[in-house]
Amino acid sequence: MSPTKEKQPSQIYKVTTKDHYSLLSIGIKTGRKHQIRTHLKYIGYPIVNDPLYGHILDNRKLLLESYAIDFYHPLENRFIHIQAPIDPRFKPFSHIDLTSTIKMPLHKTHQK
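What you are looking at is a predicted structure, and each value in this text was computed from that prediction instead of being measured.

Moving on to the packing of aromatic side chains. What the rule picks out here adds up to one aromatic pair. A ring pair is formed by Y72 and F79, whose centres lie 5.3 Å apart and whose planes are at 65°; its orientation type is edge-to-face. The exposure class assigned to F79 is exposed, which follows from its relative accessible area of 64%.

Scanning the entire structure with this criterion turns up four salt bridges. The salt bridge involving R89 is made with E65; its shortest N-O contact spans 3.4 Å. In this pair, R89 sits in the loop between β4 (78-83) and β5 (104-105) while E65 sits in the loop between α1 (35-42) and β3 (68-73), placing the two residues 24 residues apart along the sequence. Judged by its relative accessible area of 22%, R89 is partly exposed.

Moving on, we come to unusual backbone geometry. Phi at N49 takes a positive value of approximately 70°, unusual for a residue other than glycine. Position of N49 among the secondary structure elements: in the loop between α1 and β3. Positive phi is not limited to glycine here, since N77 has a value of about 55°. Within the element layout of this structure, N77 appears in the loop between β3 and β4.

As a further point, take the pairing of β4. Sheet topology places β3 next to β4; six bridges connect them, and they run antiparallel. In the sheet register, H73 faces β4, and the bridge partner there is R78. Between β3 and the antiparallel strand that follows it, β4, lie four residues; N77 among them carries a positive phi value of about 55°.

Now for the confidence of the model for the chain. With 78% of its residues at a pLDDT of 70 or more, the chain has an overall mean of 75. β5 is the least confidently modelled element of the chain, averaging 48 in pLDDT, while β4 averages 90, the highest of any element. Long-range and interchain partners of residues 1-6, a stretch whose pLDDT sits below 50, account for six contacts in this model, where long-range means more than four residues apart. Below pLDDT 50 for its whole length, residues 107-112 participates in 11 contacts with residues either more than four positions away or in separate chains.

Criteria and cut-off values
Residues numbered from 1 in each chain as written. Predicted model: local features only at pLDDT ≥ 70, side-chain atom pairs only at ≥ 80, totals over all residues. Heavy atoms only, no water. Phe/Tyr/Trp six-rings, centres within 6.5 Å; stacked < 30°, edge-to-face > 60°. Buried < 20%, exposed > 50% of the residue type's maximum accessible area, 1.4 Å probe, protein only. Salt bridge = Lys/Arg side-chain N within 4 Å of Asp/Glu carboxyl O. Helix = DSSP H or I, 4+ residues; strand = E, 2+ residues; numbered from the N terminus. Pairing = 2+ DSSP bridges. pLDDT = per-residue confidence, 0-100. Contact = heavy atoms within 4.5 Å.

See below:
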């Protein structure tokens, strides 16, 4: 479904930009298939190496990584936070502490 036909369930923030690439922090509420990929394409930030919605830079994996997840665990009656180290493919941004970054909302960069 087009992001214009429903309220977008993603929160997208630009953390920083380097060499024409942006590191984004994205929060999703629903987890629909391809949700992040379609929303980023729509606002003009396609994912590197995404053969369906982005552009191919090289033959490596899609440059989309889950850094952390938070969810409520109903049996334990508490929130769970799981965090992973940043993938080495994001080395140009390795100097950034994602837990302390200022989040800047992104706006659509083009009109359809």
